[in-house]
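# Understanding the architecture of this molecule
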Amino acid sequence: VSPANASRAAVGAPRAVLAIFNNASSAKKGLKELRAKGHRGADAQAVCNFFLHNDGKLNLEHIGDFLGSGEDECKEVRTMMIGSLQLSGLSLDSSLRRVIALVKLPGEAQKIDRIIETFAHHFVKCNPGAIDHVDTAQILAFSLVMLNTDAHNDAIKKERKMTLQQYQNNLRGICKD
């Protein structure tokens, strides 16, 4: 990468490139169109850099849907993006907030779970001993996402919102070791 291109990547993409991505019906279609026009590299690292360097300018729903997909490229980008976050010394909930700031979690539970699973592996790697097992971190992080949805979704009536006791009961016995 030339110094000119490196500094341009650090600043972010031109508006026209952002518009192509944001106006596409999905991240995959937006990336395909950008590649066809010669704006984006074809490898996962280029996609990861594009997402990270344009944080706050890209459609977060597109990014969340892309990262939650099961395809190899999506998994590679998801691992690189989440793996680039500095989570050492942070609590699980603070670390999870860092991930969620980069994406809008998709509505499909399987896609959310893929993102959370990648997050849990990275969190445990960055914070050895903080949580007993990756599965425990994954279950706890997923439960926090669901608790947040329950608490802030207006479609759930107040009398049906989860209580502290219900939340604690849901997490009983999640520790592996």
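This text follows the structure it describes.
Residues numbered from 1 in each chain as written. Predicted model: local features only at pLDDT ≥ 70, side-chain atom pairs only at ≥ 80, totals over all residues. Heavy atoms only, no water.

## Quick notes on the pattern of salt bridges
- A complete count under the given rule lists five salt bridges for this structure.
- Across the salt bridge formed by Lys28 and Glu71, the nearest N and O atoms sit 2.8 Å from each other. On the criterion of sequence distance, the pair formed by Lys28 in helix 3 (residues 27-36) and Glu71 in the loop between helix 5 (60-68) and helix 6 (72-83) is long-range, its members being 43 residues apart. (Salt bridge = Lys/Arg side-chain N within 4 Å of Asp/Glu carboxyl O. Helix = DSSP H or I, 4+ residues; strand = E, 2+ residues; numbered from the N terminus.)

## What to know about the packing of aromatic side chains
- This model, assessed by the stated rule, comprises five aromatic pairs.
- Arranged with centres 5.6 Å apart and planes meeting at 75°, the rings of Phe21 and Phe50 form a pair that is edge-to-face. One end of the pair, Phe21, is in helix 2 (residues 15-23); the other, Phe50, is in helix 4 (residues 44-53), with 29 residues separating them in the sequence.
- Residue class for Phe50 comes out buried when judged on its relative accessible area of 2%.
- Ring geometry for Phe51 against Phe66: centres 5.6 Å apart, planes inclined by 85°, an arrangement best described as edge-to-face. Of this pair, Phe51 sits in helix 4 while Phe66 sits in helix 5, and the two are 15 residues apart along the sequence. The pair formed by Phe51 and Phe66 is uniform in burial state, with each residue classed as buried.
- An aromatic cluster is present here, built from Phe21, Phe50, Phe51 and Phe66 joined pairwise through their rings. (Phe/Tyr/Trp six-rings, centres within 6.5 Å; stacked < 30°, edge-to-face > 60°. Buried < 20%, exposed > 50% of the residue type's maximum accessible area, 1.4 Å probe, protein only.)

What is shown is where atoms sit, not what they do.
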